[in-house]
Amino acid sequence: MSVIISPSLLSADFGNLNSEIDMINASAADWLHIDVMDGVFVPNISFGFPVLEFVNRRCEKPLDVHLMIVEPQKFVPEVKRVGGAIMTVHYEACTHLHRVVQQIHTAGMQAGVSLNPHTPVSLLEDIIEDVDLVLLMSVNPGFGGQKFIPRILDKVRDLKEMIARRNSHAVIEIDGGVNLDTGRQLVEAGADALVAGSFVFHSDNPIDTIARLKKL
Ligand code: DX5
Ligand code: ZN
């Protein structure tokens, strides 16, 4: 199966959101990655639900919503309302992660859990069968355009092994510093889905860039 490509809207031109979303619709992108930040969990603020509502009306691809916020459980109904297909919360932001995953499923969405670069994949051992997606951060969350942390490649291999051993159906998605070079290494290591922000939206021909990532 080919790798799933989820361009990150964070690097789009917000002054031309219509045309950016039309580009995504016309491209080989599988999902659209949406980075919601609160200025508390991460040292940056991006955009919130009123913007997502608009994006959802225009975007034909499933919305892959990555919440970099504290207390994400408060917003499960809101993410569903604005069209979230996948709702991903941070391991580090959830005291009762299993309950949040249940709430996301009850709301009718796929449940993802994200790990910061310093968080070991072994901590997922007792929840891996219950999640649909694991989002491994290959940069410290908060900003686009940062440098890929190579240590992530070992984490992908370890997670792949855990998923097979526990008979989990979880998809491995990687977020941060993805380009054709790091993307190829990630696919070789066992990644199923790649998020790419600046590499797609700052390229001369984003549709062609997405097509090239899709062929990795
Ligand atoms: C970072 C976000 C990423 C970001 C990736 O906190 O979670 O999704 O948009 O940007 P690039 O691909 O430019 O590293
Ligand atoms: Zn993200």
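Here goes a summary of the coordinates provided. (Residues numbered from 1 in each chain as written. Chains lettered and ligands numbered in written order. Predicted model: local features only at pLDDT ≥ 70, side-chain atom pairs only at ≥ 80, totals over all residues. Heavy atoms only, no water.)

1. Looking at the layout of surface pockets
Consideration 1: The computed volume of the largest pocket comes to approximately 270 Å³.
Consideration 2: Phe143, Gly144, Gly145, Gly176 and Gly177 are the residues nearest the centre of the largest pocket, which is lined by 26 residues in total.
Consideration 3: Elements that contribute at least two residues to the lining of the largest pocket include exactly β2 (32-37), β3 (63-68), β8 (193-196) and α7 (198-201).
Consideration 4: Taken together, the residues that form the lining of the largest pocket break down as 11 nonpolar, 13 polar and 2 charged. (1 Å grid on protein atoms, 1.4 Å probe; cavity = no way out; pocket = protein on both sides within 12 Å on 5 of 7 lines; lining within 4 Å. Points joined across faces, edges and corners; volume = space filled by probe spheres on them. Helix = DSSP H or I, 4+ residues; strand = E, 2+ residues; numbered from the N terminus. Nonpolar A, V, L, I, M, F, W, Y, C, P; charged D, E, K, R; others polar.)

2. Thoughts on the coordination of the zinc ion (ligand 2)
Consideration 1: Within the protein, His33 (NE2), Asp35 (OD), His66 (ND1) and Asp175 (OD) serve as the donor atoms for the zinc ion (ligand 2), at 2.0 to 2.3 Å.
Consideration 2: Geometry at the zinc ion (ligand 2) is octahedral, judged from the 6 donor atoms that bind it and their angles of 70 to 167° at the metal.
Consideration 3: Site description for the zinc ion (ligand 2): donor spacing in sequence, H-x1-D-x30-H-x108-D. With respect to class, His33 is no different from Asp35; both count as buried. (Donors = N, O, S within 2.8 Å, 3.2 Å for Na, K, Ca; no water. Tetrahedral: all angles 85-135°; square planar, octahedral: opposite > 155°, others 65-115°. Buried < 20%, exposed > 50% of the residue type's maximum accessible area, 1.4 Å probe, protein only.)

3. A word on the pairing of β2
Consideration 1: For β2, the buried fraction is high: 6 of the 6 residues fall into the buried class.
Consideration 2: Examined bridge by bridge, β2 and β3 share 6 bridges and lie parallel to one another. Residue Ile34 lies in a different strand from β3, and its bridge partner there is Val65. (Pairing = 2+ DSSP bridges.)

4. Comments concerning the packing of aromatic side chains
Consideration 1: Using the criterion set out here, one finds 2 aromatic pairs in the structure.
Consideration 2: On the basis of an interplanar angle of 85° and a centroid distance of 5.8 Å, the ring pair of Phe14 and Phe47 is categorised as edge-to-face. Taken together, the positions of Phe14 in the loop between β1 (4-7) and α1 (17-26) and Phe47 in the loop between β2 and α2 (49-58) put the pair 33 residues apart, joining distant regions of the chain.
Consideration 3: We classify Phe14 as partly exposed; its relative accessible area is 44%.
Consideration 4: Owing to a relative accessible area of 10%, Phe47 belongs among the buried residues under this scheme. (Phe/Tyr/Trp six-rings, centres within 6.5 Å; stacked < 30°, edge-to-face > 60°.)

5. So, the site of ligand 1
Consideration 1: If you check the shell around ligand 1, you find 20 residues, and the closest are Asp35, Gly142, Asp175, Gly197 and Ser198.
Consideration 2: For ligand 1, an oxygen atom lies 3.4 Å from a polar atom in the side chain of His33.
Consideration 3: Protein chains bury 99% of the 380 Å² of accessible surface belonging to ligand 1 in isolation.
Consideration 4: With respect to the pocket detection grid, ligand 1 is positioned in the largest pocket.
Consideration 5: Of all elements in the fold, only β2, β3 and β8 reach the threshold of two or more residues within the shell around ligand 1. (Near = heavy atom within 4 Å. Polar contact = N/O pair within 3.5 Å; in protein donor to acceptor, adjacent residues only side chain to side chain. Areas by Shrake-Rupley, 256 points an atom, 1.4 Å probe, with all protein chains shown as cover. Sits in = over half its atoms within 2 Å of the grid points.)

6. Notes on the nonpolar core
Consideration 1: Within the largest apolar cluster, 62 residues are counted, with the highest numbers of intra-cluster contacts made by Ile34, Val55, Val134, Leu136, Leu159, Ile174 and Leu186.
Consideration 2: Ignoring anything within four residues of it in the chain, the contact list for Leu136 reads Leu115, Val121, Ile152, Lys155, Val156, Leu159, Ile172, Glu173, Ile174 and Asp175.
Consideration 3: If you look at the next biggest cluster of nonpolar residues, it comprises 9 residues, including Ile86, Leu135, Val139 and Val195. (Core = buried A, V, L, I, M, F, W, Y, C linked by side-chain atoms within 4.5 Å. Contact = heavy atoms within 4.5 Å.)

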